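Inside the fold
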Amino acid sequence: MTALPTTPRTRTMPKSFPLQLLLLASGVALALPAHAIDDDRFTVRIGAMNADAQSTLRGRTDFAGDSIGFSEDFDFGGKETVPRLEGQFRFSERNRLLFNYFNYNKDRRITLEDELDYDGNLIPAGSFAKGEVDFEVASVVHDFAVTETDTFSWGLQVGAEYAKLEAKVYAEAGDETYRERESSDGFAPVIGTRFTWAPADAWRVVAQGQYLNASWGSFGDYRGDLSRANALVEYRFTPNFGIHVGYDWFKLDVDKRGSDGMLGLKQEFKGPIAGITLAF
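In this convention, every chain numbers its residues from 1, walking through the sequence in written order. Where local features are concerned, this predicted model is filtered to residues with pLDDT of at least 70; where side-chain atom pairs are given and counted, the filter is 80 or more; whole-chain, interface and lining totals use all residues. The side-chain numbers reported here are obtained from all heavy atoms of the structure, hydrogens and water having been left aside.

Some remarks on the overall build of the chain
A tally of helices and strands in the chain yields 1 helix and 13 strands. Going along the chain from the N terminus, every DSSP run of H or I of four or more residues is numbered as a helix, and every run of E of two or more is numbered as a strand. Mapped from its N terminus to its C terminus, the chain presents α and β elements in the order α-β-β-β-β-β-β-β-β-β-β-β-β-β. Think of it in three bands: residues with accessible area under 20% of the maximum for their type are buried, residues over 50% are exposed, and the middle band is partly exposed, with areas taken using a 1.4 Å probe on protein chains only. Taking all 280 residues of the chain together, 33% fall into the buried category. When checking whether two residues touch, look at their non-hydrogen atoms; a contact exists if any pair is within 4.5 Å. Taking as baseline every contact in the chain between residues at least 6 positions apart, the subset at least 24 positions apart corresponds to 63%. By element, 59% of the accessible surface of the chain is carried by carbon and sulfur atoms, the whole surface being about 17,100 Å². The accessible surface values rely on the Shrake-Rupley method and a 1.4 Å probe; as for residues, cover is taken only from the protein chains in view.

Laid out in structure tokens, this is it:
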């Protein structure tokens, strides 16, 4: 009896094979040694923030025995690209000095196209008002890492912060002009926290938050607080050079009280950030 020819069997991969391969690759990647979060003694991040400013001006005073108050929202006509700088000096395994700098300067001009009758007073066409705000913040803090591993670090911060806010208004209506300038600056203690995570060899994720109370420092008659939070993702092309993107947020909320009443300002800055990282 002649044996029938046999056809070689073809083995088919199970449908779950791609998933198994992905899990295997993930396991291998996780098993690779992770890069230490901060092998560098000096780290500098130079970049810019596309800042969107939102403001609320409020006040309260007594007039003819009545208490009069107001609150008005205003903006400066669009976003502004402003410089941003932060640096880090790591002088021991758990101790760092961190520096941050931010500056926002924006002006806006509004021109009256047609004449306007306001409460019996005629304001001619071409009259204008121009406003300018300059906000500057710089801080130096000591960061102590409560938790420090090769892939994760959590630190608590204490230090000093300098803040300056200057506002100018100039208006012209016919032969009449109006000028006003208000400026305040000072130093105060600041507290904060930081989280750093290194999920892979060239990647870092950093998040920070800081808080300052004006009554802690030398801001004169001003009372209020300054809060800040930011987060960024960084990729290192080499151990000494990389790029980063993220998001930054500031909020200044202060009141100035005097014998004739109270004037308050809430100023919020927020927007995406991007820049380069240099490490040594």
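Here the narrative resumes, following the displayed structure.
Comments concerning the confidence of the model for the chain
In the predicted model, the chain carries a mean pLDDT of 77, and 65% of its residues have values of at least 70. Every residue is assigned a pLDDT by the predictor, reflecting its confidence on a scale from 0 to 100. Element-level mean pLDDT values for the chain span from 40 in helix α1 (residues 17-31) up to 95 in strand β10 (residues 203-213). Predicted confidence for residues 1-35 stays below pLDDT 50, and this span has 5 contacts to residues more than four positions away or in other chains.

Here's the deal with a nonpolar patch on the surface
Patch construction takes residues with relative accessible area above 30% that form no salt bridge. Like charges are linked within 9 Å, and nonpolar side chains (Val, Leu, Ile, Met, Phe, Trp, Tyr) are linked within 5 Å. Definition used for salt bridges: Asp or Glu carboxyl oxygen within 4 Å of a side-chain nitrogen of Lys or Arg. On the surface, I46, F237, F241, I243 and I276 cluster together to form a nonpolar patch covering roughly 420 Å² of accessible area. Inspection of the secondary structure puts I276 in strand β13 (residues 261-279).

Comments concerning the nonpolar core
Residues enter a nonpolar core if they are buried and are Ala, Val, Leu, Ile, Met, Phe, Trp, Tyr or Cys, with the set joined through side-chain atoms within 4.5 Å. Ranked by size, the top nonpolar core spans 28 residues in total, and within it F102, Y104, F135, F219, L226 and F269 carry the most contacts. Top element by residues in this core is strand β7 (residues 128-148). It accounts for 4 residues.

Focus on the packing of aromatic side chains
Aromatic pairing here means that ring centres of Phe, Tyr or Trp (its six-membered ring) are within 6.5 Å. Orientation follows from the plane angle: under 30 degrees is stacked, over 60 is edge-to-face, and everything else is tilted. Tallied over the full model, the rule gives 15 aromatic pairs. With a centroid separation of 6.3 Å and 10° between ring planes, the pair formed by W154 and F195 is classed as stacked. A residue pair is termed long-range when its members are at least 10 positions apart, and W154 in strand β8 (residues 152-173) and F195 in strand β9 (residues 176-197) qualify at 41 residues. Considering the side-chain rings of Y211 and W216, the 5.7 Å spacing of their centres and the 80° angle between planes classify their relative orientation as edge-to-face. For Y211, a relative accessible area of 28% gives the class partly exposed. Put simply, the rings of F102, Y104, F135, F250 and F269 touch in pairs and so form one group of aromatic residues.

Observations regarding the pattern of salt bridges
Counting across every chain of the model gives 10 salt bridges. A salt bridge links E148 to R90; the shortest N-O distance between them is 3.2 Å. With E148 in strand β7 and R90 in strand β3 (residues 80-90), the pair connects residues that are 58 residues apart, well separated along the chain. Taken as a pair, E148 and R90 share a single burial class, namely buried. Each of D40, R45, R84, E86, R228, E234, R236 and D248 takes part in salt bridges that share partners, so that together they form one network.

As for the side chain of T196
By secondary structure assignment, the location of T196 is in strand β9. Polar side-chain contacts of T196 include one of 2.8 Å to the side chain of R194. Apart from residues no more than four positions distant in its own chain, T196 is found in contact with I37, T151, F152, S153, V205 and V206. What qualifies as a polar contact is a pair of N or O atoms within 3.5 Å, subject to a donor-acceptor requirement within protein and to the restriction that residues adjacent in sequence count only when both atoms come from side chains.

Quick word on the side chain of R90
Of the residues examined, R90 reaches a relative accessible area of 13% and is grouped as buried. Polar contacts involving the side chain of R90 include one to the main-chain carbonyl oxygen of S92, which spans 3.2 Å.

Quick word on the environment of G192
For G192, the location among the structural elements is in strand β9. When the C-alpha atoms of G192 and G155 are compared, they prove to be 8.6 Å apart, with 37 residues separating the residues in sequence.

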